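# An overview of the molecular structure
Below are the chains, spelled out letter by letter.
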Amino acid sequence: MKPLVVAFLIISFCTEAQQLMRKAYFGVGRSSFDVELPTEKYPTWELRGGLLWNKNLTDVISINFGIGGFVKLKRKSYYYYGIYYTGGKGYNDNALDKTTSEIIHLGIDVPVTFDFTVPKVITFEVGGMGRAWNGTDDPNNVLSAQLEAGLLLGYKRQLTKRISVSAQYYYTLTPLWINDLRNEFLQIKFEYALKKRRRLF
C-alpha cells in the first residue's frame, strides 16, 4: 500500500500544468538474496512491467517515476533425496530454500530515477525503488507481505525515437528478515514511449 501512496503523491505533484511523456516498460532479470550466512544466494528469474512518466528538468537531466508489477519465479530446490546440496557453501537455510523453490511471488514496484543524458543517446540512471510483496499463509515465506526500499542504478541507450534499452542493478537498503537478508537483481529493461507528449489530466 505504501508504494501506491508514494506513486500517487509523486504523480499528483509533477502533473500540475506539466506535460509528461508516458512510457511502457518491460524487464527481465536475475534476482538473488544477499544474506550474512555462508550459503547460496538462491537465484531466481524476475519479470516486471508497468508504466513510467518522464519530466525534463533541464536539457540533460530528467526524472522518471512509475508503477508496475513483478513476478519472482521459482527455482529448483537444493533438497535432493533428504540431503541439501549447496555447491560446497556448507549451509542451506530451509526457509530461504522453500521461499524460492515452492512459491511464485507477486508484487508492486515503484521506481523513481534521475536520468543524466550525455550525449543525447547515452543516459545514466540514479535513483531508488520501493517494492511491496504479496502476502501468503506459508510460515516459510520470508518475503510474505514485506515492504522494501533500495538503490537503483542503470545505464540506458536510446535505440530509436521511442525505444530504449537499459541495464539496471537494484540492491535493498532495508533488511527484510533475520541475518540481514536483502534482495538484489540485475535486469535488462526495455522502454517504449506511448505518446510523444501528453497532459496526464
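Use the structure listed above.
## Quick word on the side chain of E148
Relative to the helices and strands, E148 is located in strand β8 (residues 147-158). When its relative accessible area of 5% is taken as the criterion, E148 is described as buried. A polar contact is formed between the side chain of E148 and the side chain of W133, at a distance of 2.6 Å. Within the structure, the side chain of E148 is placed 2.6 Å from the side chain of T172, a separation counted as a polar contact.

## Remarks on the packing of aromatic side chains
Scanning the entire structure with this criterion turns up five aromatic pairs. On the numbers, 6.5 Å between centres and 55 degrees between planes, the contact of F33 with Y42 is tilted. Note on accessibility: F33 and Y42 belong to one class, buried. Ring plane angle 15 degrees and centroid distance 6.5 Å describe the contact between W53 and F65, whose orientation is recorded as stacked. Note that W53 is positioned in strand β2 (residues 44-56) and F65 in strand β3 (residues 61-72), a separation of twelve residues in sequence.

## Re the pairing of strand β7 (residues 122-133)
In terms of residue burial, β7 counts as a mostly covered element, since ten of its twelve residues are buried. The turn joining strand β6 (residues 105-117) and β7, which pair antiparallel and follow one another in sequence, is formed by four residues.

## As for the pairing of β8
Sheet analysis places β7 next to β8, joined by eleven bridges and oriented antiparallel. The residue bridging I122 from the neighbouring strand is R157, located in β8. In this structure, β8 lies alongside strand β9 (residues 163-172), joined through nine bridges in antiparallel fashion. Residue pairing in the sheet places L152 in a bridge with Y170 of β9. The antiparallel hairpin formed by β8 and β9 contains four residues in its connecting segment.

Basis of the calculations
Residues numbered from 1 in each chain as written. Predicted model: local features only at pLDDT ≥ 70, side-chain atom pairs only at ≥ 80, totals over all residues. Heavy atoms only, no water. Helix = DSSP H or I, 4+ residues; strand = E, 2+ residues; numbered from the N terminus. Buried < 20%, exposed > 50% of the residue type's maximum accessible area, 1.4 Å probe, protein only. Polar contact = N/O pair within 3.5 Å; in protein donor to acceptor, adjacent residues only side chain to side chain. Phe/Tyr/Trp six-rings, centres within 6.5 Å; stacked < 30°, edge-to-face > 60°. Pairing = 2+ DSSP bridges.

No statement about biological role is implied by the geometric values presented.
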